[in-house]
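Read off the chains here:
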Amino acid sequence: MAADQLPRDEQVNAAPTPNPAYLNRELSWLEFNARVLHEAEDDRTPLLERVRFLAIYASNLDEFYMVRVAGLRRQLSAGVRPAHADGLTPAEQLALIDTRVRTLNARARACLHEVLLPALAAAGVRLLAADELEPAERERIAVFFDEHVYPVLTPLAVDPEHPFPYISNLSLSLAVELRDPESGTVRFARVKVPKSLPRWVPTGRLHGFMPLEQVIAGRLDALFPGMEVLGCHVFRLTRYSDLDMLSANAEEPEDLLATIEEQLFQRRFGEVVRLEVATEMPLHMRELLLEELRASEAPELAPLSEREVHAPGPLLDASDLMALGSLDLPEHRFPPLIASVPPELRDTSRPIFDVIREREVLVHHPFDSFGASVETFVESAARDEQVLAIKLTLYRTSGDGAMVQALIDAAQRGKQVAVLVELQARFDEVNNIAWARTLESYGVHVVYGVPGLKTHTKTALVVRREADGIRRYVHIGTGNYNTRTARMYTDLGLLTCDEDIGADISDLFNAITGYARRQDYRRLLVAPVNMRERVLALIDRETAHAEAGRPGRIIAKMNALVDEACIDALYRASRAGVEVDLIVRGICCLRPGVAGMSEHIRVSSIVGRFLEHSRLWMFGNAGESEYFFGSADWMPRNLDRRVEVVTPVTNPLSMARLQGVLDVYLADNRQAWDLHSDGSYVQRLPGAHGERSAQRMLLRDSWGGSRESGAFIVEASALGQEAARGPGRPPSSSAAYAAIFGEP
């Protein structure tokens, strides 16, 4: 085993599956979340960032239960055995999920209470219990309760006259056991911890906080005067929260907006899929909660059992720790992000359309500034008197950035502005509905996509009148038009005025907004029209090269690999001798390194400061490499049920830069994990010559300004290509990387 691939204590062993060719999707996702949790456990990560990773782990797990576990429970209730490639039934998956989650939650609990909270206290950040408060702090907390908390609380009794109350999804509640001193009767009540108030209440001590539920628990006498409080324990429910989108055979709604809004309302009433309780909650109270919840559920659903009860520790809803992770303590945070202005755009006296007309501009966020590139592109279009129309897709938008305001400005200046707002962007539906209505109120033409498909593509089109006629300028990216996530996600974008690409994007928008049914595109790969066919053809071409004795090479970076046809094509390529490196951030159902099936396939995953979000593919083509990037992962939903766009990149400088980016990712030994054939992930360890972090290298490249000459990326690309042509394993572990990173 190579020195940079030694096993760690954090190695994850996935259970064997009935079909040895495929890994289970749900278990693979849990291993991704295990890698997120590892970043919280890793003492090489700054303290507050570790806290943030733990919050992300918890938030990820919430969504997993709301959508994936809830879906499996529904399949179990319906007696459905889906034809998953791995062969596991819903019941088998739920059992394996439960075992894995309990192991991960035990790690998370130990990380928080045994490591992070003591480390935070040493750094001056403390979560204080009531008996740790100074007199002045107790007085401050009492005033806060009287003035801000007590007025919004609503204690709800539970007895024959008061049925068990509806408890909303992901809300914290106090289960209170009371005794009437006159009758001796024991009562039960529920108090909701209001989300409208801060979870961490300042005590007056610098960076000293008290959890809101403890503030309330300490003043139950004010809520239940004259009653004896026997006990008080925190609990939390998780409910099914996916939208029940129409099946392929269902009639399309006449008003998609109204349909989505109705389903968002119904989401609050989804069935319970998880009950979280504080560790110290007594058994009889757990049983009472379970009994009441079972009674409130529809009889056709799988009944709640102890398997749905989790005790993650004394502190529930660790996702709220994100607020503590955002404290202003620079010494415990990652260094500030300083995004670089792309060299082509640094001369602000030159109109951006002149620059793009001269040559395409490739941007890599967050290393390249989103504001100085993509936002400037749309803002310039809004102001430019020669611009006639702007068309853009919005999948997720922060709304508070320059993008939406630029679209509004353009509409008010009389330009034709059309925006596709995707109402089905999971858990962003409310936000998107609000922005859709705002845009419409300013005269923007808002459409909601193609019936039966989710529009996930990230594209913008600017139509401009110029001296030689009408010219189309295009942005195609892998990330959303969202100012906030542009600083947190790694994404690629292309600004171009290529005629064929411009014509393709025009046709795409016509298909989205009208009744066009185009069956092919000039340059672009568009789902669900031609992308699946083109991806499989590109993989099969590499197979044909290898079978003919020519070199076959594939490098593909994506968020998830689930599609069975793509996996089978990669297996065929491996059997033919094609060298395949896959950089898959999250779910990967392909099983690498199996003799006779996938011994030429390597899979790695990078989890670090920035969420890896770019989708980038390289096909070697016997020395005539081709590069593509866009919005699609290799999943059935992306290839068959979404509108997606992937663009080829043909400019030699852009191609060299993309190859350099891939080479740097493949060389990572700081945040990279290798997927083994048994389904386990093992984190790479630095060798004797130090760490090689892809994200840090790309940041350093940005800060150092070497992008201007392209020296670093071009060198990396050249070395990677040279290694790929030589004997032995291709560049992911070749001596070329020693040269790239200055190692002897």
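About the cut-offs
- Each chain carries its own residue numbering, running from 1 in the direction its sequence is written.
- pLDDT decides what is reported in this predicted model: residues at 70 or higher carry local features, side-chain atom pairs at 80 or more are listed and counted, and totals for whole chains, interfaces and linings draw on all residues regardless.
- Note that water and hydrogens are dropped before the side-chain values are worked out from all heavy atoms of the structure.
- Helix and strand definitions here come from DSSP, where helices need a minimum of 4 consecutive H or I residues and strands a minimum of 2 consecutive E residues; each element is numbered from the N-terminal end.
- Exposure categories follow from relative accessible area, calculated using a 1.4 Å probe and restricted to protein chains: below 20% of the type maximum is buried, above 50% is exposed, and the middle band is partly exposed.
- Pairs of residues are marked as contacts when any of their non-hydrogen atoms sit within 4.5 Å.
- Computed with the Shrake-Rupley method and a 1.4 Å probe, the accessible areas treat only the protein chains shown as cover for residues.
- The way it works is a 1 Å grid over only the protein atoms, where trapped points that fit a 1.4 Å probe form a cavity and open points with protein on both sides within 12 Å along at least five of seven lines form a pocket, and then any residue with an atom within 4 Å of a point lines it.
- Grid points are joined across faces, edges and corners, and a volume is the space filled by probe spheres set on the points.
- In this count, Pro and Cys sit with the nonpolar residues alongside Ala, Val, Leu, Ile, Met, Phe, Trp and Tyr, while Asp, Glu, Lys and Arg are called charged and the others, Gly among them, polar.
- The criterion for an aromatic pair is that two Phe, Tyr or Trp rings (for Trp, the six-membered ring) have centres within 6.5 Å, with stacked assigned to planes under 30 degrees apart, edge-to-face to planes over 60 apart and tilted to the rest.
- Working rule: Lys NZ or Arg CZ, within 6 Å of ring centre, within 35 degrees of ring normal, means a charge sits over the ring.
- Buried Ala, Val, Leu, Ile, Met, Phe, Trp, Tyr and Cys residues that are joined via side-chain atoms within 4.5 Å together make up what is termed a nonpolar core.
- To estimate how far a helix should extend, the number of its residues minus one is multiplied by 1.5 Å.
- Polar contact is defined as a pair of N or O atoms within 3.5 Å, subject to the rule that within protein one atom must be able to donate a hydrogen and the other to accept it, and that residues adjacent in sequence are counted only when both atoms are side-chain atoms.
- The axes are straight lines fitted to the C-alpha atoms, using for helices just the contacting stretch, and the angles between their N-to-C directions are given from 0 to 180°.
- When an angle is under 35 degrees it counts as roughly parallel; over 145 it counts as roughly antiparallel; between 65 and 115 it counts as roughly perpendicular; any other value is oblique.
- For two strands to pair, DSSP has to find at least two bridges joining them.
- Within a predicted model, pLDDT stands for the predictor's per-residue confidence, ranging from 0 to 100.
- Every case where a carboxyl oxygen of Asp or Glu lies within 4 Å of a side-chain nitrogen of Lys or Arg is listed as a salt bridge.

Asks: Help me understand the overall build of the chain in this model?
Replies: Counting secondary structure elements, the chain contains 21 helices and 27 strands. Buried positions account for 57% of the 744 residues belonging to the chain. Long-range contacts, defined as pairs at least 24 residues apart, comprise 74% of the intrachain contacts of the chain with a sequence gap of at least 6. Counting every atom, the chain has about 29700 Å² of accessible surface; 52% of that belongs to carbon and sulfur.

Asks: Honestly, the layout of surface pockets in this entry has me stumped. Any pointers?
Replies: Unoccupied space between atoms shows up once a probe the size of one water molecule is rolled over them. Volume-wise, the second largest pocket comes out at about 610 Å³. Every residue lining the second largest pocket is counted, 29 residues in all, and those nearest its centre are Leu128, Ala129, Met210, Pro211 and Gln214. Listing elements by their share of the lining of the second largest pocket, those giving two or more residues are α3 (90-122), β1 (126-127), α4 (135-149), β6 (208-211), α5 (212-217) and β7 (228-239). Of all the elements, α5 adds the most residues to the lining of the second largest pocket, at 4 residues. Looking at side-chain class alone, the lining of the second largest pocket contains 19 nonpolar, 4 polar and 6 charged residues.

Asks: Got a minute to help me understand the packing of aromatic side chains in this structure?
Replies: The description of an aromatic ring pair rests on the distance of the ring centres and on the angle between the ring planes. Taken as a whole and assessed by the stated rule, the structure comprises 11 aromatic pairs. Arranged with centres 6.4 Å apart and planes meeting at 65°, the rings of Trp29 and Phe32 form a pair that is edge-to-face. Note that Trp29 and Phe32 are positioned in helix α1 (residues 25-41) at a spacing of 3 residues, about one turn of the helix. Its relative accessible area of 7% is what places Phe32 among the buried residues. On the numbers, 6.1 Å between centres and 55° between planes, the contact of Phe145 with Tyr150 is tilted. Overall, Phe145 belongs to the buried group, its relative accessible area being 0%. Through successive ring pairs, a cluster of aromatic residues spans Trp29, Phe32, Phe64 and Tyr65. Here the guanidinium or amino end of Arg35 rests over the ring plane of Tyr681, the centre of that ring lying 3.8 Å away. Here the basic side chain of Arg74 rests over the ring of Tyr240, its NZ or CZ set 3.7 Å away from the ring centre.

Asks: Help me out: how do you make sense of the nonpolar core in this one?
Replies: Considering soluble globular proteins, one finds that nonpolar side chains tend to be buried as a cluster. Counting residues in each nonpolar core, the largest one holds 88 residues, and the members touching the most others are Leu321, Leu561, Leu570, Leu582, Leu590, Trp617 and Trp634. Here this core gets 14 residues from one element, more than from any other, and that element is helix α2 (residues 47-78). Among residues more than four places away in sequence, those in contact with Leu590 are Leu23, Leu561, Ile567, Leu570, Tyr571, Leu582, Ile601, Val603 and Leu675.

Asks: Looking at this structure, how should I read helix α14 (residues 499-513)?
Replies: In an α-helix, one turn spans 3.6 residues; hence positions three or four apart end up facing the same way. Here α14 is 15 residues long and its end C-alpha atoms lie 21 Å apart, about the 21 Å a rise of 1.5 Å per residue gives. Burial analysis of α14 places 11 of its 15 residues in the buried class, the great majority of the element. The backbone nitrogen of Asp500 lies 3.0 Å from a side-chain oxygen of the residue at the head of α14, namely Asp498.

Asks: Please clarify how the packing of helix α15 (residues 531-547) against helix α16 (residues 564-576) should be interpreted in this entry.
Replies: A pair of packed helices is characterised by two quantities: the angle between their axes and the separation of those axes. Where α15 meets α16, the axes come as close as 8 Å, and the angle between the chain directions of the two elements is 10°. Classed by the angle they form, the pair α15 and α16 counts as roughly parallel. Residue-level inspection shows Arg532, Val535, Leu536, Ile539, Asp540, Thr543, Ala546 and Glu547 of α15 in contact with α16, the latter providing Ala565, Cys566, Ala569, Leu570, Arg572, Ala573 and Ala576.

Asks: How do you make sense of the environment of Gly593 when you look at a structure like this?
Replies: Here Gly593 is to be found in the loop between β20 (579-584) and β21 (601-606). Sequence separation between Gly593 and Ser677 is 84 residues; the distance between their C-alpha atoms is 5.3 Å. Contact partners of Gly593, with chain neighbours within four places excluded, come to Ser598, Glu599, Ile601 and Ser677.

Asks: Is there a simple way to explain the environment of Glu379 in this structure?
Replies: Structurally, Glu379 can be placed in helix α11 (residues 371-383). Those residues in contact with Glu379, other than ones at most four positions away along the chain, are Ala402 and Ala406.

Asks: What's the story with the sheet that holds strand β5 (residues 200-202) in this structure? I'm lost.
Replies: Here 3 strands make up an open sheet; going across it, the order is β1-β6-β5 and the pairing mixed. One side of each edge strand has no neighbouring strand; the edge strands of this open sheet are β1 and β5. Direction of pairing for β1 relative to β6: parallel, over a ladder of 2 bridges. Across the sheet, residue Leu127 finds its bridge partner in β6, namely Phe209.

Asks: Sorry, what's going on with empty space enclosed by the protein here?
Replies: The full count for this structure, using the stated rule, is 5 cavities of 30 Å³ or more. Put simply, the largest cavity is a space of about 220 Å³. If you go around the largest cavity, you meet 18 residues; those closest to its centre are Ala58, Asn105, Ala108, Pro312 and Ala318.

Asks: Before we go on, may I ask you to explain the side chain of Glu177 in this structure?
Replies: The residue Glu177 is located in strand β3 (residues 172-179) in this model. Here His284 takes part through its side chain, which lies 3.0 Å from a polar atom of the side chain of Glu177. When neighbours within four sequence positions are excluded, Glu177 is seen to be in contact with Val186, Arg187, Glu228, Val229, Leu230, Gly231, His284 and Met285.

Asks: I'm lost on the confidence of the model for the chain in this one. Help?
Replies: Caution applies to low-pLDDT parts of the model: their predicted coordinates are not meant to be read in detail. Averaged over all residues, the pLDDT of the chain is 86; the fraction at 70 or higher stands at 85%. Across residues 717-744, where pLDDT falls below 50, the model places 47 contacts with residues more than four positions away in sequence or in other chains.

Asks: Looking at this structure, I do not really get the environment of Asn24. What am I missing?
Replies: Its location among the elements puts Asn24 in the segment before α1. When the C-alpha atoms of Asn24 and Gly679 are compared, they prove to be 9.2 Å apart, with 655 residues separating the residues in sequence. There is a polar contact of 3.0 Å between the side chain of Asn24 and the backbone nitrogen of Glu26. Within the structure, the side chain of Asn24 is placed 2.9 Å from the backbone nitrogen of Leu27, a separation counted as a polar contact.

Asks: I would appreciate a short explanation of unusual backbone geometry in the present structure.
Replies: The phi torsion of most residues other than glycine is negative, and most of the peptide bonds are trans. Here the amide bond leading from His365 into Pro366 is cis, since omega sits at 5°, within 30 degrees of zero. Look at the link from Ala527 to Pro528: it is a cis peptide, with omega at 0°. Relative to the helices and strands, Pro528 is located in the loop between β18 (525-527) and α15. A positive phi is found at His207, a non-glycine position, where the angle reads about 55°. Structurally, His207 is set in the loop between β5 and β6.

Asks: Looking at this model, I keep getting lost on the pattern of salt bridges. Mind explaining?
Replies: Close approach of charged atoms allows side chains with opposite charge to pair. Applying the stated rule across the entire model yields 50 salt bridges. Linking Arg199 and Glu213 is a salt bridge whose minimum nitrogen-to-oxygen distance equals 2.8 Å. Residue Arg199 is found in the loop between β4 (186-192) and β5, and its partner Glu213 is found in helix α5; the two are separated by 14 residues along the sequence. Since its relative accessible area comes to 8%, Arg199 is described here as buried. As a salt-bridge pair, Arg274 and Glu276 come within 3.5 Å of each other at their nearest N and O atoms. Side by side, Arg274 and Glu276 carry an identical accessibility label, which is buried.

Asks: Any chance you could explain the packing of α1 against α3 here in plain terms?
Replies: Contact geometry of α1 with α3 gives a least axis separation of 11 Å together with a crossing angle of 5°. Taken together, the axes of α1 and α3 lie roughly parallel to each other. Counting all contacts with α1, which are made through Glu26, Leu27, Leu30, Glu31, Ala34, Leu37, His38, Ala40 and Glu41, the residues of α3 involved are Gln93, Leu96, Ile97, Arg100, Val101, Leu104, Arg107, Ala108, Cys111 and Leu116. For the contact of α1 with α3, the residue count by class is 12 nonpolar, 2 polar and 5 charged.

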